[in-house]
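Observations on the model geometry
Listed here are the chains, written in short residue letters.
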Amino acid sequence: MLIVRLLTTALCMSPAALALDLDRLPHLDGPSGACQSLRSYLGFGKTALSQLDLRYIHSRTSYWNTKLNAHAPSCVVFPESAENVSLTLKVIGSTGSKFAIKTQGHNTNDGFSSVEDGILIDLSHMTGKSYDEATTLATYEPGSSWGELYEYYLQFGRTVVGGRIHGVGTGLALGGGMSYLSPQYGMACDSFRELEVVLPNGDIVTASSTQNPDLFFGLRGGGGNAFGVVTKYTVQSRPIGTLYAGNLIYVSDHSEEILKATRDFILYNTDPKAAILMNYNILTTPDLALGLDQAAVMFLVYDGENPGDVYANFTAIPHLLNTMGPKKYTEVANLLLPGLAQISRGDNVFRIGVHRADDDSYRTAWERFHQWSQDHKGDYTYIHLDYNPVPKSLTDASKEQGGNAMEMPDGPWFWAEYTLTTPPLITTAKYNEIQASFKEMVDGTPNAEGLPMFLNEAHADQDALKSFSSYSRLQEIKAKYDPDGFFASKTGGWSFS
Ligand SMILES: Cc1cc2nc3c(=O)[nH]c(=O)nc-3n(C[C@H](O)[C@H](O)[C@H](O)COP(=O)(O)OP(=O)(O)OC[C@H]3O[C@@H](n4cnc5c(N)ncnc54)[C@H](O)[C@@H]3O)c2cc1C
Ligand SMILES: *[C@@H]1O[C@H](CO)[C@@H](O)[C@H](O)[C@H]1NC(C)=O
Ligand SMILES: *[C@@H]1O[C@H](CO)[C@@H](O)[C@H](O)[C@H]1NC(C)=O
């Protein structure tokens, strides 16, 4: 009966009238009521109610942390416009259901973009994108991967500041967003110029330096799913041509030299076109005292055809493979192995550390990590430690564009990102024990005072927002835009309390 009524309503009314009628909806409790209403309003094409629906299966099982695939949402909705998102939030709000907002599902934290017994809002159908030659601004909806965006903008000789790997989604920019181009242009969020946002109450607003500037501040690196749903990004695009980029792969133990070269690069490199990522990998296979369980991989990306000798300290270390050469930006987003992000799916979690390079932490962090890897053979299939430089040119570029929610102090400093992939088929007790031990290892290297953690690579239990000097300002912004605590109580994400 009810469904018939809702259907007739949906068919006969304009969207504006629809919104009004929502207030008069007979109260439907819980997620199944919300799902039925959403099917009636949005139609079959935008809602998947059955766990056997292929669209439901794909949304549910495409998390980079495959542990999150276990969650069964009550239904999945695929909005195609800000109006659809607004309606979805209103229905969810009126039924008191839990929900999650998902783009490419690469966040490793439980409940950030996944939900059990609630509505999964999958933004992957919102893939609109455009480029305005007159203003050089790029506009895109949230549903594309970075690789798809890079492919699109390349036809104009332009790109947008975003992720380093093809498959990651636009939620990356809401958590700051570290790009190979960041030393030149700042974090991904620093290039935001205007955002279209659906607030928790369903209102569709604009956030920019002149409209709702506090909201704009919060969305530039204060994390996704906190203040609303971003349905459109307008950003400053950047010129892009041929880059000189690739990997250096080292086996056997060259850790001393690699760490030193990385430390020196963080401290002394002054060329903003030169980006690096140091990636140290250890497999669970026995070491046999030859270092055969480990491989270090340098990701080296120069925005230009001639890097000079900027990477000479890395090439001087004996290596197994050097894939450096001229590449298109779309190839740069696919370094090492095309499809790496796919292969690396597993029971993955991230943890973050933040350090200065002029003390010993670049070495002690690695030593603790390495010791843990040797003491815990069998507790992981794979772990890695990445060093992400934050040079002064990056923090300068951020400030020039108004700064972001991290209020990044002047570089150089660096983020240390740890990834742990636990073995499949272990008990929950064992899983928890390994996670606790790994956490203790990471926490054993104290973070530098006054530097922000990186939300995109932080574990939920690290309370990363509290490391921001802007924390109390962010709390006020959260209270203003989510006054009823709808997002705070019904979806996962960073805690503001
Ligand atoms: C293989 C891999 C490579 C990575 N490389 C990088 C890198 O180069 N640089 C970097 O900075 N980080 C990197 N990360 C970390 C990445 O930025 C975070 O995992 C990020 O949260 C992923 O965003 P997503 O859109 O793919 O994921 P999701 O899990 O879908 O979304 C992330 C969070 O943002 C929220 N969200 C997403 N879109 C919206 C929206 N439109 N409105 C409101 N909330 C939204 C979601 O609810 C969720 O809480 C990488 C991660 C992986 C797994
Ligand atoms: C959903 O979005 C589509 C595309 O903009 C629009 O045609 C439709 O009217 C919207 N429906 C609702 C209920 O918001
Ligand atoms: C290379 O290493 C030397 C010290 O060995 C250092 O002085 C120099 O600045 C480094 N260069 C870069 C670009 O990191």
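Residues numbered from 1 in each chain as written. Chains lettered and ligands numbered in written order. Predicted model: local features only at pLDDT ≥ 70, side-chain atom pairs only at ≥ 80, totals over all residues. Heavy atoms only, no water.

**As for the state of the cysteines**
In this structure the tally under the stated criterion is 1 disulfide. Covalently, C35 is tied to C75 through a disulfide, its sulfur atoms 2.0 Å apart. Disulfide C35-C75: the torsion about the S-S bond is -90°, which places it as left-handed. A residue pair is termed long-range when its members are at least 10 positions apart, and C35 in helix α3 (residues 30–42) and C75 in strand β2 (residues 75–77) qualify at 40 residues. There is no split in this pair, since C35 and C75 are both buried. (Disulfide = S-S within 2.5 Å. Helix = DSSP H or I, 4+ residues; strand = E, 2+ residues; numbered from the N terminus. Buried < 20%, exposed > 50% of the residue type's maximum accessible area, 1.4 Å probe, protein only.)

**Quick look at unusual backbone geometry**
Between G411 and P412 the backbone carries a cis peptide bond, its omega angle lying at 5°. Inspection of the secondary structure assignment puts P412 in the loop between α15 (392–400) and β19 (413–422). Its identity as a non-glycine residue notwithstanding, D117 has a phi of 55°, on the positive side. Structurally, D117 can be placed in the loop between β3 (98–102) and β4 (118–122). A positive phi angle, near 45°, is found at N212, a position not held by glycine. Looking at the element boundaries, N212 is found in the loop between β9 (204–208) and α9 (213–219).

**Considering the UniProt feature "domain: FAD-binding PCMH-type" (unreviewed entry) in the protein chain**
The feature "domain: FAD-binding PCMH-type" (unreviewed entry), as annotated in UniProt, sits at residues 69–240 in this numbering. When the span residues 69–240 is considered, its composition is 22% helix and 26% strand, and the gap between its end C-alpha atoms is 37 Å. (UniProt positions renumbered as here; feature names shortened; annotations may be inferred.)

**Looking at helix α17 (residues 471–481)**
Within the span of α17, buried status applies to Y471, L474, I477, K478 and Y481. Down the axis of α17, the buried side of the element spans an arc of 115°, and every buried residue falls inside it. In α17, the exposed positions angled more than 90 degrees off the buried face are occupied by E476 and K480. Lining the buried residues of α17 we find α9 and α18 (486–490). (Arc of directions from axis to C-beta. Contact = heavy atoms within 4.5 Å.)

**What to know about the sheet that holds strand β1 (residues 47–48)**
Read from one edge to the other, the open sheet built from 4 strands follows the order β1-β2-β4-β3, with strand pairing classed as mixed. Where the open sheet ends on each side, the last strands, each with one partner, are β1 and β3. The pairing of β2 with β4 spans 3 bridges and is parallel. When the sheet's bridge partners are listed, C75 is paired in β4 with I119. Sitting on the sheet, α3 touches β1, β2 and β4, and the angle it makes with β4 is about 40°. (Pairing = 2+ DSSP bridges. Axes fitted to C-alpha atoms, helices over the stretch in contact; angles between N-to-C directions.)

**Regarding the site of ligand 3**
Taken together, the residues surrounding ligand 3 are K260, D264, F265, Y268, V310 and N313. One of the side-chain nitrogen or oxygen atoms of N313 is found 2.4 Å away from an oxygen atom of ligand 3. Broken down by element, the residue count for the shell around ligand 3 peaks at 4 residues, all from helix α10 (residues 255–268). When the residues that make up the shell around ligand 3 are grouped by side-chain class, the tally is 3 nonpolar, 1 polar and 2 charged. (Near = heavy atom within 4 Å. Polar contact = N/O pair within 3.5 Å; in protein donor to acceptor, adjacent residues only side chain to side chain. Nonpolar A, V, L, I, M, F, W, Y, C, P; charged D, E, K, R; others polar.)

**Digging into the domain arrangement of the protein chain**
Per the domain assignment, the segments of the protein chain are domain 1 (2–125), domain 2 (129–239 + 471–484) and domain 3 (243–467). Between domain 1 and domain 2, the contact holds 13 residues from the first and 20 residues from the second. Of all residues in domain 1, the largest losses of buried area upon contact with domain 2 belong to A82, L89 and Q104, amounting jointly to 33% of the total for that side. On inspection of domain 1 and its partner domain 2, the count reaches 0 salt bridges. Viewed at the interface, domain 2 and domain 1 are joined by 3 residue pairs in polar contact (both at pLDDT 80 or more). For the side of domain 1 that touches domain 2, the element with the most residues is helix α5 (residues 82–95), which contributes 6 residues. Classifying every residue of the side of domain 1 that touches domain 2 gives 6 nonpolar, 5 polar and 2 charged. (Domains from an automatic or database assignment. Buried area = accessible area lost by both parts, 1.4 Å probe. Salt bridge = Lys/Arg side-chain N within 4 Å of Asp/Glu carboxyl O.)

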